[in-house]
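Each chain, written out:
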Amino acid sequence: MGSRGAKRTSWVVLSVFGVILFVLVIYLAGADRVDAIFGAKPGWIAAAFASGLAVTVSSAFRWGYIANALAESRPLSWLQYWASLLTSRVLGLFVPRNASDLGVRFVALTGLGRTTPEVAAASVALDQMFDIALLGVWLIPSLLLLSGTGGRWAWALVPAVVVVAPLIMFRLGPALRWVAAALSRATARWGERHGKLGQFFARRSEGLRRLANVQHFTRRQSLAIAIVTFVRYGLNAVMFWTIAQALGLSIDLWTFVLVGSAVQLSLVVAFTPGGLGIMDLGFVGLLALGGIPSETVAAFIVGQRAFQYTFFPLMAGVSYLATMRNSIGSTPGQSLRSPDGGT
């Protein structure tokens, strides 16, 4: 009870801090054009929803592709992957994004998908590492181009990103297997102990050993995931751009391509619910660096927050209905698991 109360208190404190930081960001940026959200253009709103849908579908596909490779089967159907991802996004509006991602996806894979905890945790971690590989490499050239410093040589770094980021991604699979093998050996020693603790570590050691022996993530598979990662990043920039267009704000698509790396990286370390205040502060600094007027930045921040709190719950509802309809469509008594291990 005491632990539960401490967690609740921590959540309240972080939530209040996030709200205060968000309000402070809007106040400092200037709220002259915040009322633009009330006159948003329906056509561009529809375009923002379409691009947001494309982002979530590509995200669910990449995570599902990784999880299938690690499990050497299909633990979940593609609809279930999508619904689980959207559930994590909705929960991520109210708790730190990393916690919601790991929690919801872990439960989906170990509960519905019957995978081992090691496969579930590794799939979420590896999914994020593909993003970090691209965002980390793209960060320096994007900041140089956004600020207009570095001259022509900064543009020469753009093709380098296209080469270096996939090369890093190609090594993520082998790196995961190496880490799993090392952890398997470490937990095996603890597994030799008697009692429930020893049994727990023995199971973890066996699960990690199986994970270390997975022979997937060939260059072809890693290239496919890399391509989806690049496409997903571009779609994310398009989503932000369509939100700006819906609000009638003069922010071009290239600006969002440049600011996306730092903003998305801020979500990795954001500790407030939904990254509230942290992500918004990143947008303020980066868009200002790109020469966007402060009142325009404030309007965009409010608009994209309104979009998130509308889009994700609606899409999650759609995904639930689609998943339920798919389940109801199965014949009575028939298992949802297909012969190849899918659902």
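Residues numbered from 1 in each chain as written. Predicted model: local features only at pLDDT ≥ 70, side-chain atom pairs only at ≥ 80, totals over all residues. Heavy atoms only, no water.

Once that is clear, we can look at the packing of aromatic side chains. Applying the stated rule across the entire model yields 17 aromatic pairs. Centre to centre, the rings of Phe 49 and Phe 307 are 5.4 Å apart; their planes meet at 75°, and the pair counts as edge-to-face. With a gap of 258 residues between them, Phe 49 in helix α2 (residues 42–71) and Phe 307 in helix α12 (residues 294–328) connect regions that are remote in the sequence. The class of Phe 49 is partly exposed, set by a relative accessible area of 22%. Judged by its relative accessible area of 9%, Phe 307 falls in the buried class. Cluster of aromatic residues (ring-pair linked, three or more members): Phe 61, Trp 63, Tyr 65, Trp 78 and Tyr 81. Positioned above the aromatic ring of Trp 63, the side-chain terminus of Arg 105 is 4.9 Å from the ring centre. (Phe/Tyr/Trp six-rings, centres within 6.5 Å; stacked < 30°, edge-to-face > 60°. Helix = DSSP H or I, 4+ residues; strand = E, 2+ residues; numbered from the N terminus. Buried < 20%, exposed > 50% of the residue type's maximum accessible area, 1.4 Å probe, protein only. Lys NZ or Arg CZ within 6 Å of the ring centre and 35° of its normal.)

We now examine the side chain of Asp 127. One can find Asp 127 in helix α5 (residues 117–147). Owing to a relative accessible area of 5%, Asp 127 belongs among the buried residues under this scheme. In terms of polar contacts, Asp 127 uses its side chain to reach the side chain of Arg 105, at 2.9 Å. (Polar contact = N/O pair within 3.5 Å; in protein donor to acceptor, adjacent residues only side chain to side chain.)

As a further point, take the nonpolar core. The biggest cluster of nonpolar side chains holds 64 residues, and the ones touching the most others in it are Phe 256, Phe 283 and Phe 300. The greatest single-element share of this core, amounting to 11 residues, is contributed by α5. Ignoring sequence-local partners within four residues, the contact set of Phe 283 consists of Phe 240, Phe 256, Val 259, Val 263, Ala 288, Val 297, Phe 300, Ile 301 and Gln 304. Counting residues in hydrophobic clusters, the runner-up holds eight residues, among them Ala 67, Leu 76, Tyr 81 and Leu 109. (Core = buried A, V, L, I, M, F, W, Y, C linked by side-chain atoms within 4.5 Å. Contact = heavy atoms within 4.5 Å.)

Read these as layout, nothing more, since geometry by itself doesn't imply function.
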